[in-house]
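These are the residues of each chain, in order.
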Amino acid sequence: MLNYIWLFLIVIALVVGVGKDITDEVRNTYRNDTPLEVIFISSQLPSGTATRCEGQIYLTAKQYNDFYAISSQLEEVKQPAVLSLNQNKTGSFIFACTEVTPTLWKDMAQSASGKDKLTGKVERIEFSDDHGWAKATIILEPIRYVKLKAITQAAIDFANVAVEIAFGLIGVMALWLGLIKVAEEAGLVKILTKLLAPMTKRLFPDIPSDHPAIGAVIMNTAANMLGLSNAATPMGLKAMEELNKLNPKIGTATNAMITFLAINTGGIILIPATAMAVRAAVGSTNIGIIIGTSIFAAGCATITGIVASKILQRLPRYKRELTVDTKKPEEMNHG
Amino acid sequence: MADLFRTVINFISILAIPVMIALFLGWGFFKKVRVYEVFVEGAKDGFHTAIRIIPYLVAMLFAIGIFRASGAMDVLISLITPLTNLIGMPPDTLPMALMRPLSGSGSLGIMTELMKVHGPDSFIGVLASTLYGSSETTFYILAVYFGSVNIKNTRHAVPVGLLADFAGILAAVFICRILFGK
């Protein structure tokens, strides 16, 4: 199933990306090579030999919306930009995106030649008599294949993010695995598993109730409920490792593992700390209002997950996948 | 009542790790475990476990990453939006519900945006933060947990995770409508 979902994500991404780029090209969404009449406002327009001047590209919201055939721009456009002109009053311009930049230009800048910067040609410029402003005709650099460029960038970025996440785990993993090992040797984990045996026996009938896996499952769930994600992940991975020791078919998920993941992804929690922090940051008058609703929703999700895992594991197709294939036992052991 | 609960849980969360360190090591010392050596022995596995998940995490995050970058999410949302009325869910919160199992940072951004636009204490704001607070990034957990033990055949783990997420969405909409219904 993960095979199909994974492939679905990738295929859909590529199809939609190509589709959007073709649509953009056909509709000329970014008005490539189309001249745009703007007012250039500057206190230091070039007089004589000066060739470089800073100022603002000015457009009313209506002009901007009409040009791109959109309706999203509500305020007049005042984009700071730098012009470089030559003698015959043509030249080029460049601007970096700031918070005043219209959304469409920001999107265009994402896949422009310079990151977050848009450039273009100045076709014609006519200065006013008092040199405070100029009428200019500009053409922005052509923007093409926005989505395909974004997909390429995302593929590389996220591959790096994955490695960063894994590297970030090394320290806390080592810390918690060390502490858990001490707790195991001291017999603390056994006490914990005995205490909760009546419940864990039902959830994980395949696992002996005093097995170290059960201890790690309990500690992981407790850490998740308290919102201690730094401690929860190492304990969860420890639990997976212990569960895997009882796995008859290495490389295939066991029933116990899936039940454990159902508890984990259900998101059972007592304090939704991150959501509450964001609520406080955006000015909520009652940040704790979501504690009850979150506990209820997460509880429903977790119970559904456990029940679903218990029902689905009885289906013949999932049962079959766990039966050990005696013909070629070596093949699966390589991982 | 909710405030008291919050204070107590917060207090436990802050105390939990120092108490665990003290308890584990103290108990170990009391039981004559050679704590330093055993700690190091256990910690050794940390590196390998973390490194083992890299290929799984790369596969998962890159697929989700290009899915988000391509704008495919918008297409999916426009396809599903007509169905939100059936469960009484505001269409604005649909991106939140769909993004939550895929990406933690993506859904965090959507939740923040929704609360800024609609107000954190509006129905949409409360529902968005409940959806975020009550769920985990299912696909991330699948990749990391199964990756750490080299599980490639996940059997029914994905349907189970998605069913749980769907139930969580229904439950969040249900409880928020009852308590803060518009």
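To continue, consider the environment of Asp45(B). Locating Asp45(B) in the fold gives a position in helix α2 (residues 35-52). Residues Asp45(B) and Ser134(B), spaced 89 residues apart in sequence, show a C-alpha to C-alpha distance of 31 Å. Apart from the residues within four sequence positions on either side, Asp45(B) is in contact with Leu177(A) and Glu241(A).

With that settled, the discussion passes to the confidence of the model for chain A. Averaged over all residues, the pLDDT of chain A equals 87, while 95% of them reach at least 70. Here residues 331-335 of chain A is a poorly scored stretch, pLDDT under 50, and it has six contacts once near neighbours within four places are set aside; other chains count.

All names here are of chain A. On inspection of all chains with the given rule, the structure shows eight aromatic pairs over all chains. Ring geometry for tyrosine 64 versus tryptophan 105: centroids 5.2 Å apart, planes at 80 degrees, classification edge-to-face. Placement of the pair is tyrosine 64 in helix α2 (residues 61-68) and tryptophan 105 in helix α3 (residues 103-110), with a sequence separation of 41 residues. On the basis of relative accessible area, tyrosine 64 is assigned to the buried category, the value being 1%. Overall, tryptophan 105 belongs to the buried group, its relative accessible area being 0%. Through pairs of rings, three or more aromatic residues link up here, namely Tyr64, Phe67, Tyr68, Phe93, Phe95 and Trp105.

One turn of the α-helix equals 3.6 residues, which is why residues spaced by three or four share an orientation. Residue and element names in this part refer to chain A. Turning to helix α5 (residues 188-195), its buried residues number three or more, namely Leu188, Val189 and Thr193. Buried residues in α5, looked at end-on, bunch into an arc of 130 degrees, giving them a common side. Facing away from the buried side of α5 by over 90 degrees, the exposed positions are Lys194 and Leu195.

With that out of the way, let us pick up the packing of helix α1 (residues 2-27) of chain A against helix α3 (residues 54-69) of chain B. At a minimum axis separation of 8 Å, α1(A) and α3(B) run at an interaxial angle of 35 degrees. As for how α1(A) packs across α3(B), the hand of that crossing is left-handed. Between α1(A), through Leu2(A), Trp6(A), Leu9(A), Ile10(A), Ile12(A) and Ala13(A), and α3(B), the contact on the second element is made entirely by Ala59(B), Met60(B), Phe62(B), Ala63(B), Ile64(B), Ile66(B) and Phe67(B).

Let's shift gears to unusual backbone geometry. Glycine aside, a negative phi is what most residues show, and trans is what most peptide bonds show. Residue and element names in this part refer to chain A. In this model, arginine 31 sits at a positive phi of 50 degrees, which is unusual for a non-glycine residue. In this structure, arginine 31 sits in the loop between α1 and β1 (36-41). Phi at aspartate 33 takes a positive value of approximately 60 degrees, unusual for a residue other than glycine. Secondary-structure assignment places aspartate 33 in the loop between α1 and β1.

What counts as what
Residue positions are given per chain, counting from 1 as you read along its sequence in written order. The naming scheme follows written order: chains are lettered A onward, ligands numbered 1 onward. It should be noted that, the model being predicted, local features are given only for residues of pLDDT at least 70 and side-chain atom pairs only at 80 or more, the latter also being counted only at that level, while totals for whole chains, interfaces and linings use all residues. Only heavy atoms go into the side-chain values, all of them from the structure, while hydrogens and water stay out. The helix and strand labels rest on DSSP assignments: H or I over at least four residues marks a helix, E over at least two residues marks a strand, and numbering proceeds from the N terminus. Contacts between residues were defined by any pair of non-hydrogen atoms, one from each residue, lying within 4.5 Å. A score from 0 to 100, pLDDT tells how confident the predictor is in each residue. Side-chain rings of Phe, Tyr and Trp (the six-membered ring for Trp) are treated as a pair once their centres are within 6.5 Å; stacked means planes under 30 degrees apart, edge-to-face means over 60, and tilted covers the remaining angles. Here's how the labels work: a residue is buried when its accessible area is under 20% of the maximum for its type, exposed when over 50%, partly exposed in between, all with a 1.4 Å probe on protein chains only. What the arc measures is the spread of directions leading from the helix axis to the C-beta atoms. The convention used is that axes are lines fitted to C-alpha atoms, helices contributing only their stretch in contact, and that angles between N-to-C directions extend from 0 to 180 degrees. Throughout, a crossing is termed right-handed when the near helix is turned clockwise from the far one, and left-handed when it is turned anticlockwise from it by less than a right angle.

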